[in-house]
Amino acid sequence: KMAYTERTIKADEKEKMDFDDLSEKDDEYLISGKKLLMREELRVMYSMVWGKLFKNGLWENVRFDPKYKYYEDGGTTFKVIYNADRVAISQRKLYNYFYSDNSSIRSSVSERKLRDGIETEIDKIKFYKKKNEPELTDMAYIAYLNTLLLCCRTVDGMENAGNLFREFFSEYKRYYKFAVNNKSLPKVQRLKYVVYRLFPHVQKYYIKLKMKTIGN
């Protein structure tokens, strides 16, 4: 027996999707909230508020910060996951995401959008320091550096691009050793942060090569 629902592709276009039978076996596993937050490769998963079910109590004293126009979930959801003793992760298709071309996250790049993204990572660093979580703080610095590098790549073509690049890259140079000295990262990955410190524009070519390799 197949279950199906509708997934909105655009605001004015719908497509029927067939979902797997919920009785089928699934690659499910349990992990603590803190361990999930340590998984940098799962950052997209724990940064977004959608696609999750939460117990009400996890949101006690946690609210979305009105200072954000963009990425408000990125500055909030990690706090809720931190409060969770256990997180169940499932590969089942149980959630329909409403896709709108007019949503704020898909709007054109702006200085405000970049700064909000950076601010969410700074909030993580402050939060973990306050909670006396050195390992999570180290990982938060990695996310911060990655976001700064992304912003450096993104400013091309923007108004005031030169000043923004210098500002973001100056912050990267200030903190890049947090990644270099993080022994939990593979040596090759740590070396990349040194290369980007010396040759910041190399990362564009690396990303293009990486995406091309994934595409093949």
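Higher on the page you've got the structure.
Please read all numbers here as calculations on a predicted model, not as lab measurements.

A. Highlighting the overall build of the protein chain. When helices and strands are counted, the protein chain shows nine helices and four strands. Seen in sequence order, the protein chain has helices and strands lined up from the N terminus as β-β-β-α-α-α-β-α-α-α-α-α-α. Taking all 216 residues of the protein chain together, 35% fall into the buried category. Restricting the contact set of the protein chain to residue pairs at least 6 apart, pairs at least 24 apart contribute 64%. Element-wise, carbon and sulfur atoms account for 52% of the exposed surface of the protein chain, whose accessible area totals about 14500 Å².

B. Up close: the side chain of Thr137. Relative to the elements of secondary structure, Thr137 occurs in helix H5 (residues 134-154). Among the polar contacts listed, one links the side chain of Thr137 to the backbone oxygen of Glu133, at a separation of 2.8 Å. Once residues lying within four places of it in the same chain are set aside, the contact partners of Thr137 are Ile125, Tyr128 and Lys129.

C. Summary view of the packing of H5 against helix H6 (residues 161-175). Relative to each other, H5 and H6 sit at 155°, their axes nearing to 9 Å. Taken together, the axis directions place H5 and H6 in an arrangement best described as roughly antiparallel. In terms of crossing hand, the pair formed by H5 and H6 is left-handed. Residue-level contacts link Tyr141, Tyr144, Leu145, Leu148, Leu149, Cys151 and Cys152 of H5 to Phe165, Phe168, Phe169, Glu171, Tyr172 and Tyr175 of H6. Residue composition of the contact of H5 with H6, by class: twelve nonpolar, no polar and one charged.

D. Looking closely at H6. Here H6 is 15 residues long and its end C-alpha atoms lie 21 Å apart, about the 21 Å a rise of 1.5 Å per residue gives. Of all the residues in H6, the buried ones are Ala161, Leu164, Phe165, Phe168, Phe169, Tyr172 and Tyr175. Angular distribution of buried residues about the axis of H6 spans 125°; they occupy a single face of the element. Among the exposed residues of H6, those oriented more than 90 degrees off its buried face are Arg166 and Arg174.

E. Representation of the nonpolar core. If you look at the biggest cluster of nonpolar residues, it comprises 42 residues, and the most contacted ones within it are Tyr128, Phe168, Tyr172 and Tyr193. Of all the elements in the fold, those that place two or more residues in this core are helix H1 (33-37), helix H3 (77-82), strand S4 (87-89), helix H4 (111-130), H5, H6 and helix H8 (187-198). The biggest single contributor to this core is H5, with ten residues.

Calculation criteria
Residues numbered from 1 in each chain as written. Predicted model: local features only at pLDDT ≥ 70, side-chain atom pairs only at ≥ 80, totals over all residues. Heavy atoms only, no water. Helix = DSSP H or I, 4+ residues; strand = E, 2+ residues; numbered from the N terminus. Buried < 20%, exposed > 50% of the residue type's maximum accessible area, 1.4 Å probe, protein only. Contact = heavy atoms within 4.5 Å. Areas by Shrake-Rupley, 256 points an atom, 1.4 Å probe, with all protein chains shown as cover. Polar contact = N/O pair within 3.5 Å; in protein donor to acceptor, adjacent residues only side chain to side chain. Axes fitted to C-alpha atoms, helices over the stretch in contact; angles between N-to-C directions. Parallel < 35°, antiparallel > 145°, perpendicular 65-115°, else oblique. Left-handed = near helix turned anticlockwise from the far one by under 90°. Nonpolar A, V, L, I, M, F, W, Y, C, P; charged D, E, K, R; others polar. Expected span 1.5 Å × (residues − 1). Arc of directions from axis to C-beta. Core = buried A, V, L, I, M, F, W, Y, C linked by side-chain atoms within 4.5 Å.

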